[in-house]
Amino acid sequence: MEKNPYDIIRRPIITEKGEADTAERNAYHFEVAPGSNKIDIRGAIEKIYAHKGVKVNKVRVMNKKSKGRRFRFRKGKTRSWKKAIVFLDPEYKLELF
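Along each chain, the written sequence defines residue order, and numbers are assigned to residues from 1. pLDDT decides what is reported in this predicted model: residues at 70 or higher carry local features, side-chain atom pairs at 80 or more are listed and counted, and totals for whole chains, interfaces and linings draw on all residues regardless. Hydrogens are left out, water is left out, and the side-chain values use all remaining heavy atoms of the structure.

Per an unreviewed UniProt entry, the chain goes by the name Large ribosomal subunit protein uL23 and belongs to Uabimicrobium amorphum.

Below, the structure written as structure tokens:
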């Protein structure tokens, strides 16, 4: 059964560091589903942006751990999540907005 690419790619991450990375290395940052792997992420990006014929060169994946937080007298944690950095061929660009 084929996975829906929008279930794998959750949202783009827009930060100053990410924008600088895009300008320098043509790399885009995304939050992805925790169970996804590099092959799933590559296929999902190529399907979502198929109308532009995007070609993915490389994918790097990292797991972001949760952090402890306090609110008044309660302790809690933020959620853990997975981040992917997708490198595209130099001739391709993504318009995220």
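Picking up where we left off.
Draft legend 1. Layout of unusual backbone geometry. Phi is positive for N26, which is not a glycine, with a value near 55°. Working definition: helices are DSSP H or I runs of at least four residues, strands are E runs of at least two. Numbering for both runs from the N terminus. Structurally, N26 is set in the loop between helix 2 (16-25) and strand 2 (27-32). Burial here depends on accessible area, computed with a 1.4 Å probe over protein chains only, as a share of the maximum for the residue type. Under 20% is buried, over 50% is exposed, and the range in between is partly exposed. Judged by relative accessible area, N26 falls into the buried class, the value being 5%. The residue R72 is not glycine, and still its phi comes out positive at about 55°. By the element assignment, R72 lies in the loop between strand 4 (68-71) and strand 5 (74-77).

Draft legend 2. Main features of helix 3 (residues 38-48). Residues of helix 3 that are buried include every one of I41, A44, I45 and I48, and no others. The buried residues of helix 3 occupy one face: seen down the axis, they fall within an arc of 95°. By definition in these notes, contact holds between two residues if any of their heavy atoms fall within 4.5 Å. Taken together, the buried residues of helix 3 touch helix 1 (5-8), strand 1 (9-12), strand 2, strand 3 (56-64) and strand 6 (81-88). Where helix 3 begins, one side-chain oxygen reaches toward the backbone nitrogen of I39, 3.2 Å away; that side chain belongs to N37. The arc in question is formed by the directions pointing from the helix axis toward the C-beta atoms. Pairs of N or O atoms are called polar contacts if they sit within 3.5 Å, as long as, within protein, a hydrogen donor faces a hydrogen acceptor (for residues adjacent in sequence, only side-chain-to-side-chain pairs).

Draft legend 3. Broad picture of the pairing of strand 6. Within strand 6, seven of the eight residues are buried, which leaves it mostly tucked inside the rest of the structure. Strand direction decides the pairing type here: strand 2 and strand 6, joined by six bridges, are antiparallel. Bridging across to strand 6, Y28 finds its partner in V86. Two strands are counted as paired when DSSP detects at least two bridges linking them. In terms of strand pairing, strand 3 meets strand 6 through eight bridges, oriented antiparallel. Paired with R60 across the bridge in strand 6 is I85.

Draft legend 4. Representation of the nonpolar core within the structure. Buried residues of nine kinds, namely Ala, Val, Leu, Ile, Met, Phe, Trp, Tyr and Cys, make up a nonpolar core once their side-chain atoms join them within 4.5 Å. Counting 17 residues, the largest nonpolar core has I9, F30, I41, I45, V86, L88 and L94 as its most contacted members. Contributions of two or more residues to this core are made by strand 2, helix 3, strand 3 and strand 6. It is helix 3 that contributes the most residues to this core, four residues altogether. Not counting residues within four places of it along the chain, the set of residues in contact with L94 comprises Y28, F30, Y49, V54 and L88.

Draft legend 5. Quick look at the sheet that holds strand 6. Strand order in the open sheet made by the four strands is 1-2-6-3, with antiparallel pairing throughout. Looking along the sheet, the strands with just one partner apiece sit at the ends: strand 1 and strand 3. The mean angle between the axes of side-by-side strands here comes to 30°, regardless of whether they run parallel or antiparallel. Each of strand 2, strand 3 and strand 6 is contacted by helix 2, which is oriented at about 135° to strand 2, the strand it contacts most. Every axis in this analysis is a line fitted to C-alpha atoms, fitted for helices over the stretch in contact. Angles between the N-to-C directions lie between 0 and 180 degrees.

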